[in-house]
Amino acid sequence: MSAEALLERELEHFEREHPRSRELAEEAKGPLLSGVPMPWMIRWPGRFPVFAAEAQGARFTDVDGHEYVDFCLGDTAAMTGHSPAPTVRALREQSAKGITLMLPSEDALWVGRELTRRFGLARWQFALTATDANRFAIRLARELTGRPKILVFNWCYHGSVDETVATLRDGAVVARDGNVGPPVPLDETTRVVEWNDPAALERELAHGDVACVLAEPALTNIGIVLAEPGFHDALRAATRDTGTLLIIDETHTICAGPGGYTAAYGLEPDLLTIGKPIAGGIPAAAYGFSAEVAERLEALLPADERADVGGIGGTVAANVLSLAATRATLSEVLTDEAFERMIALGERFERGVAEAIERHGLPWHVTRLGCRVEYLFRAERPHTGSEAAAGGNALLDRLIHLYALNRGILLTPFHNMALMSPATTEEDVDRHTAVFGEAARELA
Ligand SMILES: Cc1ncc(COP(=O)(O)O)c(C=O)c1O
């Protein structure tokens, strides 16, 4: 059957099976802009989003009573599995003893030490979202270097950080298509180069006006685009040679292991940012500094009544509830042992998809980074964000997502990503393999 015809069949099936979600989606058009509480939620593959009822571990149910295996896991924010017991316990205990005070708690020290053990950076600060951690890290990099610009890789994503929603078009830096309300022309704030292109990186850093490179250690938001051998060495050398700070954003690449890609591959960033799952889904994020950067910052920033309360930080950042949840999550949920199991499940998922692609002779491929697996509808592995973007297929994306949803499986929206949590089982993975194989057979 053609992809168009299959999509039509699946859309009808979806509408038939989700009457309560459809009713709520209609009602939501009253109080909510565009009928959703957050703009991205209009992009689910049916004609309306599924309304969630309850979630536990790697599963959730919707308001029509269907149960799903969740491989989206809140786009990594629930990589711990939903409502992990140790985090819930810590939340219950801490919320009865205070939620937010603008005072430090002992948990902040424990979490700081644990992040140092995992990622190697010497000192830490806390925020509520990875977006904010990136914004604050960029501001500190500007302050330290006295330089105005940042450099990012084409088709990166680092949250709703103004300077990063930039792309290359015919060699010029412009706002990403459809980006709402960019504050200034992006070429005033940002240099953009392709991932895995050390020559372009060296050329752009040679201008001497870049405060920091902000990079995921593998692109994960345009499919997974891994670093080629030697690229990280070139990135570190080029940033060091030009006095540019290197910020590694581990928000997604924590999938590579307990200390993210940085620990797994021995990176040496100047700053590191992370958010999403570190508190089991409760808003929490962290940004860390190498000993050298921390020393330079402490010498530069006033530690008295002149300390800045405008550019970085926030009233509810580092609140005691987030930090209690982070401590419980890091000590009891996202443990070294949990990662071993999650990565083995990722390998099983990858094998299942690769075998189905091979069996049905489809020109697709699958990539894995730790416990994160992604398939792209093109035969060759992309080396840059542009190649990955060019390999996108909106029709197939929508069809596969809906096909899976109709059979009790939730994939991450915007791309074909699946994440394994400590609560995910081999049966969950095999269920996806069977459904993916069925879709591949119908499409082949
Ligand atoms: C690599 C990376 N950094 C930062 C963020 C921002 O996270 P948040 O939206 O939770 O602020 C994202 C979100 O997807 C991300 O993928």
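Residues numbered from 1 in each chain as written. Predicted model: local features only at pLDDT ≥ 70, side-chain atom pairs only at ≥ 80, totals over all residues. Heavy atoms only, no water.

Our next topic: the packing of aromatic side chains. Following the criterion strictly, the structure yields 16 aromatic pairs and no others. Ring plane angle 70° and centroid distance 4.6 Å describe the contact between Trp364 and Phe377, whose orientation is recorded as edge-to-face. Here the residue Trp364 occupies a position in the loop between α11 (336–359) and β13 (365–369), and Phe377 occupies one in the loop between β14 (372–376) and α12 (385–390), the gap between them amounting to 13 residues. Each member of the pair, Trp364 as well as Phe377, carries the same accessibility label: buried. Measuring from ring centre to ring centre gives 4.6 Å for Tyr375 and Phe436, while their planes differ by 50°; the resulting arrangement is tilted. Of this pair, Tyr375 sits in strand β14 while Phe436 sits in helix α14 (residues 426–443), and the two are 61 residues apart along the sequence. An identical accessibility class is assigned to Tyr375 and Phe436; each is buried. Aromatic rings pair up to connect Trp364, Tyr375, Phe377 and Phe436 into one cluster. (Phe/Tyr/Trp six-rings, centres within 6.5 Å; stacked < 30°, edge-to-face > 60°. Helix = DSSP H or I, 4+ residues; strand = E, 2+ residues; numbered from the N terminus. Buried < 20%, exposed > 50% of the residue type's maximum accessible area, 1.4 Å probe, protein only.)

With that out of the way, let us pick up the nonpolar core. Phe153, Leu201, Val213, Phe349, Trp364, Tyr375 and Met420 are the most contacted members of the largest nonpolar core, which totals 99 residues. Element by element, the count of residues in this core is highest for α11, at 9 residues. If sequence neighbours within four positions are ignored, Val213 has contacts with Leu151, Phe153, Leu201, Leu205, Leu235, Thr239, Thr244, Leu245, Leu246 and Ile247. In terms of nonpolar packing, the next biggest core, distinct from the first, is built from 28 residues, Phe136, Leu140, Val173 and Tyr287 among them. (Core = buried A, V, L, I, M, F, W, Y, C linked by side-chain atoms within 4.5 Å. Contact = heavy atoms within 4.5 Å.)

Taken together, the neighbourhood of the ligand is formed by 13 residues, with Thr131, Asn221, Asp249, His252 and Lys276 sitting nearest. Between the ligand and the protein, one listed contact pairs an oxygen atom with a backbone N or O atom of Ala130 at 3.4 Å. Within the side chain of His252, one N or O atom sits 3.2 Å away from an oxygen atom of the ligand. Here the ligand, which alone exposes 400 Å², has 88% of that area covered by the protein. With 3 residues, the single largest contributor to the shell around the ligand is helix α5 (residues 130–145). (Near = heavy atom within 4 Å. Polar contact = N/O pair within 3.5 Å; in protein donor to acceptor, adjacent residues only side chain to side chain. Areas by Shrake-Rupley, 256 points an atom, 1.4 Å probe, with all protein chains shown as cover.)

For the rest of this paragraph, the subject is the sheet that holds strand β2 (residues 59–62). One open sheet accounts for 4 strands, arranged β1-β2-β3-β15; its pairing is mixed. At either end of the open sheet lies a strand with only one pairing partner, and these are β1 (52–56) and β15 (409–410). Where strand β3 (residues 67–70) and β15 come together, 2 bridges link them in parallel fashion. In the strand pairing of β15, Asp70 is matched with Leu410. (Pairing = 2+ DSSP bridges.)

Okay, the pattern of salt bridges next. The full count for this structure, using the stated rule, is 33 salt bridges. A salt bridge links Arg89 to Glu332; its shortest N-O distance comes to 3.9 Å. With Arg89 in helix α3 (residues 85–95) and Glu332 in helix α10 (residues 320–332), the pair connects residues that are 243 residues apart, well separated along the chain. For Glu292, the salt bridge identified is with Arg296, shortest N-O distance 3.6 Å. Placement of both Glu292 and Arg296 in helix α9 (residues 291–300) is noted, with a separation of 4 residues, approximately one turn of the helix. Each member of the salt-bridge network shares a partner with another, and the members are Glu8, Glu15, Arg22 and Arg47. (Salt bridge = Lys/Arg side-chain N within 4 Å of Asp/Glu carboxyl O.)

What follows concerns the layout of surface pockets. Empty space left among the atoms is revealed by rolling a probe the size of a water molecule over them. Its volume calculated, the second largest pocket comes out at about 1400 Å³. Lining of the second largest pocket is provided by 42 residues; of these, Gln125, Tyr287, Asp308, Ile312 and Gly313 occupy positions nearest its centre. Elements that contribute at least two residues to the lining of the second largest pocket include exactly α4 (106–119), β4 (123–127), α5, β12 (285–289), α9 and α10. (1 Å grid on protein atoms, 1.4 Å probe; cavity = no way out; pocket = protein on both sides within 12 Å on 5 of 7 lines; lining within 4 Å. Points joined across faces, edges and corners; volume = space filled by probe spheres on them.)

Another aspect to go through is the packing of α4 against α10. Closest axis-to-axis distance for the α4/α10 pair is 9 Å, and the angle between their directions is 40°. One finds that α4 runs oblique with respect to α10. As for how α4 packs across α10, the hand of that crossing is left-handed. Between α4 and α10, the contacting residues are Asp107, Ala108, Trp110, Val111, Glu114, Leu115 and Arg118 on the first element and Leu323, Ala324, Thr326, Arg327, Leu330 and Ser331 on the second. Among the residues forming the contact of α4 with α10, the class breakdown is 7 nonpolar, 2 polar and 4 charged. (Axes fitted to C-alpha atoms, helices over the stretch in contact; angles between N-to-C directions. Parallel < 35°, antiparallel > 145°, perpendicular 65-115°, else oblique. Left-handed = near helix turned anticlockwise from the far one by under 90°. Nonpolar A, V, L, I, M, F, W, Y, C, P; charged D, E, K, R; others polar.)

On to the environment of Thr425, then. As for its placement among the helices and strands, Thr425 is situated in the loop between β16 (417–419) and α14. Owing to a relative accessible area of 28%, Thr425 belongs among the partly exposed residues under this scheme.

Pairing of strand β6 (residues 166–169) with strand β7 (residues 172–175), which is carried by 4 bridges, proceeds in the antiparallel orientation. Looking at β7, one finds that Ala166 is bridged to Ala175. Where β6 folds back onto β7 in an antiparallel hairpin, the turn is made up of 2 residues, including Asp170, whose phi is positive at roughly 50°.

Okay, the sheet that holds β13 next. If you trace the 3 strands from one edge of the open sheet to the other, you get β13-β14-β16, paired in antiparallel fashion. Edge positions in the sheet fall to β13 and β16, since each has one partner strand and no second. Averaged over all pairs of adjacent strands, the angle between their axes in this sheet comes to 20°, without regard to strand direction. Relative to β16, β14 runs antiparallel, the two being bridged by 3 bridges. Paired with Val373 across the two strands is Ala418, which belongs to β16. Helix-sheet contacts for α11 involve β13, β14 and β16, and the interaxial angle to β13 is about 175°.

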